[in-house]
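Fold and contact review
These are the residues of each chain, in order.
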Amino acid sequence: MERRETRSVNQSSLKPEPCADGAFKGYYKLDRINSVALRNRDAVFNNLSQLVNEDNLREAFRGLDGSKAVGIDNVTKTQYANNLQANIENLASEIRRGGWRPRPSRKVLIPKPSGGMRPLAIGCLEDKIVQGLVAKILEAVYEPRFHRESYGFRPRRSAHQALGSVYGEINKRGKYTVVVEMDIEKFFNNINHDKMMNFLEERISDKAFLRLVRRMLRNSILSEDGNIINNTTGTPQGSPVSPILANIYLHHVLDEWFDKNYIGCAYMVRYADDAVFIFGDVKIAEKFKAELAQRFAEYGLKLNDKV
């Protein structure tokens, strides 16, 4: 009888398949991180920097909108794709060595629907790739923790859903309703970097990953007159990672604080840095307004006075 040679296969050495569907489709292992976060609200993640690899960087590149304006590098998505494999390999290697830093973003002003101008920071293409991937990783970690009535910058949630929740709660309460509207003055410009990092460290112990986030927060801006502006506070609007960082900041500063102190006597609906609070008692609403202003002041934020 012929003896056949048998070889054992190390299953751990086989490359896993990317996520096949859902919010993390095409990415490797982000669905697993999200599953851990769903099962264990107190989980602390210490290996997130391993997810900033060639495969996930390539998927983040695919997700970029090629029609968007270019940064100071003047590199388009089409141009980058011409030598994609080598470009991604070099980018991943630079990140592994700890040498990656975002280049200055280009500042542009766009009109706001309510009047005035809104500053946007247009990053270089490789910076957008890294920021986009970091945003997806943070989404996997934090999405299960976010408030049920938080609607801005979240998958499968919309402004229409937020409005529906507000109208539904007001109709339920009837004429005994007091509404407090929140509007934060220049919120994205005033996020405190140190406090932001302290919040992240509650869930993430991976120092290399946290260093990436810190560098994104410090990303300098090239102004329209050619001056370099160093960021000591805030997250530049227009950066792919800015929305998720904004939600993490307000999750800790506002959402958790609200649930701890007012969940039994008020209702909150938040869309990014705008929120509506619905009360049945005007005295409690007035007390809340004063305490909210004080709470925000502790974290470098200021309310525009609206009722």
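What counts as what
- Residues numbered from 1 in each chain as written.
- Predicted model: local features only at pLDDT ≥ 70, side-chain atom pairs only at ≥ 80, totals over all residues.
- Heavy atoms only, no water.
- Core = buried A, V, L, I, M, F, W, Y, C linked by side-chain atoms within 4.5 Å.
- Buried < 20%, exposed > 50% of the residue type's maximum accessible area, 1.4 Å probe, protein only.
- Contact = heavy atoms within 4.5 Å.
- Pairing = 2+ DSSP bridges.
- Helix = DSSP H or I, 4+ residues; strand = E, 2+ residues; numbered from the N terminus.
- Phe/Tyr/Trp six-rings, centres within 6.5 Å; stacked < 30°, edge-to-face > 60°.
- Lys NZ or Arg CZ within 6 Å of the ring centre and 35° of its normal.
- Axes fitted to C-alpha atoms, helices over the stretch in contact; angles between N-to-C directions.
- Salt bridge = Lys/Arg side-chain N within 4 Å of Asp/Glu carboxyl O.
- Parallel < 35°, antiparallel > 145°, perpendicular 65-115°, else oblique.
- pLDDT = per-residue confidence, 0-100.
- Left-handed = near helix turned anticlockwise from the far one by under 90°.
- Nonpolar A, V, L, I, M, F, W, Y, C, P; charged D, E, K, R; others polar.
- Expected span 1.5 Å × (residues − 1).
- Bend = angle between axes of the 7 residues up to and from the residue.
- Arc of directions from axis to C-beta.
- Polar contact = N/O pair within 3.5 Å; in protein donor to acceptor, adjacent residues only side chain to side chain.

1. Overview of the nonpolar core
Grouped together as the largest cluster of nonpolar side chains are 74 residues, with contacts concentrated most on L57, L138, L200 and F277. In this structure, L138 is in contact with E143, L200, I204, F209, V241, I244, L245 and I248, ignoring residues within four places of it in sequence. Among the nonpolar cores identified, the runner-up in size contains five residues, and Y151, V166, V269 and I278 belong to it.

2. Notes on the pairing of strand β3 (residues 178–184)
Within a regular beta strand, the side chains point alternately toward one face of the sheet and then the other, so they alternate between its two faces. Across six bridges, the pairing between β3 and strand β7 (residues 274–279) is antiparallel. Residue pairing across strands places M182 opposite A275, the latter belonging to β7.

3. Quick look at the packing of aromatic side chains
To describe a pair of aromatic rings, one takes the distance between the centres and the angle between the planes. This model, assessed by the stated rule, comprises 14 aromatic pairs. An aromatic cluster is defined as three or more aromatic residues linked by ring pairs; in this entry it consists of W257, F258, Y262, F277, F279 and F288. Directly above the ring of F61 sits K77, whose terminal nitrogen or CZ lies 5.4 Å from the centroid. Positioned over the ring face of Y151 is R157, at 5.3 Å from the centre of the ring.

4. Overview of the sheet that holds strand β1 (residues 105–111)
Taken in spatial order, the four strands of this open sheet run β2-β1-β4-β5, and their pairing is mixed. Edge strands, defined here as strands with exactly one partner in the open sheet, are β2 (117–122) and β5 (228–229). Summarising the sheet, β1 and β2 pair through six bridges and their orientation is antiparallel. Within the sheet, the bridge partner assigned to P111 lies in β2 and is M117.

5. Some thoughts on the sheet that holds strand β6 (residues 266–271)
Two orientations exist for strands paired in a sheet by backbone hydrogen bonds: parallel and antiparallel. Pairing is antiparallel across the open sheet formed by four strands, whose spatial order is β6-β7-β3-β8. The open sheet has two free edges, formed respectively by β6 and β8 (303–304), since each of these has just one partner strand. Seen against the sheet, helix α6 (residues 159–173) touches β3, β6 and β7 and runs at an angle of roughly 165 degrees to β6. Most of the contacts of helix α9 (residues 242–262) go to β6, to which it runs at about 170 degrees, and overall it touches β3, β6 and β7.

6. A few points about the pattern of salt bridges
Applying the stated criterion to the full structure yields ten salt bridges. Between R145 and E256 there is a salt bridge whose closest N-O contact spans 3.7 Å. Placement of R145 in the loop between α5 (125–142) and α6 and of E256 in helix α9 is noted, with a sequence separation of 111 residues between them. Overall, R145 belongs to the buried group, its relative accessible area being 15%. Overlapping salt bridges, with partners in common, bring together E169, K172 and R173 in one network.

7. Overview of the packing of helix α2 (residues 54–62) against α5
The description of two packed helices rests on the angle between their axes and on the distance between the axes. With their axes 8 Å apart at the nearest point, α2 and α5 run at an angle of 110 degrees to one another. One element, α2, and the other, α5, form an angle in the roughly perpendicular class. In this structure, α2 uses N56, L57, A60 and F61 to contact α5, whose residues at the interface are L125, I129, V130 and L133.

8. Side note on the environment of S220
Looking at the secondary structure, you find S220 in the loop between α8 (207–217) and β4 (221–222). In this structure S220 touches P104, S105, I228, I229 and N230, once residues within four positions along its chain are discounted.

9. Here we look at the confidence of the model for the protein chain
Of the residues in the protein chain, 94% have a pLDDT of 70 or more, and the chain-wide mean is 92. Scored below 50 in pLDDT, residues 1–13 makes one contact in the model with residues more than four places away or belonging to other chains.

10. Brief notes about the packing of helix α4 (residues 84–96) against α5
Contact geometry of α4 with α5 gives a least axis separation of 12 Å together with a crossing angle of 65 degrees. Our pair here, α4 against α5, has a crossing hand that is right-handed. Every residue of α5 that contacts α4 at N87, L91 and I95 is listed here: E126, I129 and V130. Among the residues making up the contact of α4 with α5, the classes are represented as four nonpolar, one polar and one charged.

11. Notes on unusual backbone geometry
Phi angles above zero are rare outside glycine, and F153 is one such case at about 60 degrees. Positionally, F153 belongs in the loop between α5 and α6. Overall, the relative accessible area of 44% leaves F153 in the partly exposed class.

12. Comments concerning α9
Between its first and last C-alpha atoms α9 spans 28 Å; for 21 residues at 1.5 Å apiece the expected length is 30 Å, and the two agree. By the largest-angle criterion, H251 marks the main kink of α9, which is about 45 degrees.

13. Section: helix α7 (residues 193–201)
For α7, the full list of buried residues reads H193, M196, M197, F199 and L200. Seen along its axis, α7 keeps its buried residues to an arc of 155 degrees; they face one direction. On the buried face of α7, the contacting elements are α5, α8 and α9. The distance from a side-chain oxygen at the start of α7 to the backbone nitrogen of D194 is 3.0 Å, and the residue carrying that oxygen is N192.

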